[in-house]
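Spelled out from the first residue to the last, the chains are:
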Amino acid sequence: MNHNDGTDVTSYQPGDIVYVLFRNPHVQDVANVQAAAVVSDPEIAGGLAIFLYDTYYPLTEEVAVYTTEREAEQAYYECFGGFADTEAWSDIGENERDGGWQ
């Protein structure tokens, strides 16, 4: 899986699209996979941030970032035991929907 558990976050460039697991701050048991843009951090010169829902989040080693929606969906499944509400669900094969992630 290509997320930042070993990937140097400096390998991302402003303009890259990444996928994150985002937990609804108002309803803690609701989470989904969300596309986000990598941007220049407006508060840290030379730093990167993820722009999501009109908010800048510093791009650090603590943020799980996935380069594909499918990788993020698999991480969601592993963390929460189900699939996020995204279009990727329709692209996943029947075997995988039944818990057959290999």
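Rules used throughout
Residues numbered from 1 in each chain as written. Predicted model: local features only at pLDDT ≥ 70, side-chain atom pairs only at ≥ 80, totals over all residues. Heavy atoms only, no water. Helix = DSSP H or I, 4+ residues; strand = E, 2+ residues; numbered from the N terminus. Buried < 20%, exposed > 50% of the residue type's maximum accessible area, 1.4 Å probe, protein only. Contact = heavy atoms within 4.5 Å. Areas by Shrake-Rupley, 256 points an atom, 1.4 Å probe, with all protein chains shown as cover. Pairing = 2+ DSSP bridges. Axes fitted to C-alpha atoms, helices over the stretch in contact; angles between N-to-C directions. Phe/Tyr/Trp six-rings, centres within 6.5 Å; stacked < 30°, edge-to-face > 60°. Core = buried A, V, L, I, M, F, W, Y, C linked by side-chain atoms within 4.5 Å.

**Quick notes on the overall build of the chain**
- When helices and strands are counted, the chain shows three helices and four strands.
- In the chain, the succession of helices and strands from N to C terminus is β-β-β-β-α-α-α.
- For the chain, the residues scored as buried account for 36% of the 102 residues in total.
- Relative to all contacts within the chain whose residues are 6 or more apart in sequence, the contacts with residues 24 or more apart total 44%.
- As displayed, the chain offers around 6,300 Å² of accessible surface, 48% of which is attributable to carbon and sulfur atoms.

**Examining the sheet that holds strand 1 (residues 17–23)**
- Taking strand neighbours across the sheet as the criterion, the four strands line up as 1-2-3-4 in an open arrangement whose pairing is antiparallel. The sheet is open, and its two borders are formed by strand 1 and strand 4 (55–58), each paired with just one other strand. Here the strands of the sheet are splayed against their neighbours by 45° on average, with no regard to which way each runs.
- Note: strand 3 (residues 48–52) against strand 4, four bridges, orientation antiparallel. Residue pairing across strands places Leu52 opposite Thr55, the latter belonging to strand 4.

**Details of the environment of Val9**
- Relative to the helices and strands, Val9 is located in the segment before strand 1.
- Residues Val9 and Glu62, spaced 53 residues apart in sequence, show a C-alpha to C-alpha distance of 10.0 Å.

**Let's talk about unusual backbone geometry**
- Of note, the phi angle at Tyr53 is positive, near 50°, even though the residue is not glycine.
- Among the structural elements, Tyr53 can be located in the loop between strand 3 and strand 4.

**Side note on the packing of aromatic side chains**
- What the rule picks out here adds up to two aromatic pairs.
- Look at Phe51 and Tyr56: their rings are 4.7 Å apart centre to centre, the planes differ by 45°, and that puts the pair in the tilted class.
- For Phe51, a relative accessible area of 30% translates into the label partly exposed.

**Remarks on the environment of Ser40**
- For Ser40, the location among the structural elements is in strand 2 (residues 31–40).
- If we ignore the near neighbours within four places in the chain, the residues touching Ser40 are Pro14, Gly47 and Ala49.

**Structural notes on the environment of Pro14**
- Note on placement: Pro14 falls in the segment before strand 1.
- Expressed as a C-alpha distance, the spacing of Pro14 and Ala37, which sit 23 residues apart in the sequence, is 7.6 Å.
- With near-sequence residues (within four places) excluded, Pro14 lies in contact with Val38, Val39, Ser40 and Leu48.

**Brief notes about the nonpolar core**
- In this structure, Val9, Tyr12, Val18, Val20, Phe22, Ala36, Val38, Leu48, Ile50, Leu52, Leu59 and Val65 together form the largest nonpolar core, which totals twelve residues.
- Once residues within four sequence positions are removed from consideration, Val18 is found in contact with Tyr12, Gln34, Ala35, Ala36, Val38, Val65 and Tyr66.
- The next biggest cluster of nonpolar side chains, apart from the first, holds seven residues, and it includes Tyr19, Val33, Ala72 and Tyr76.

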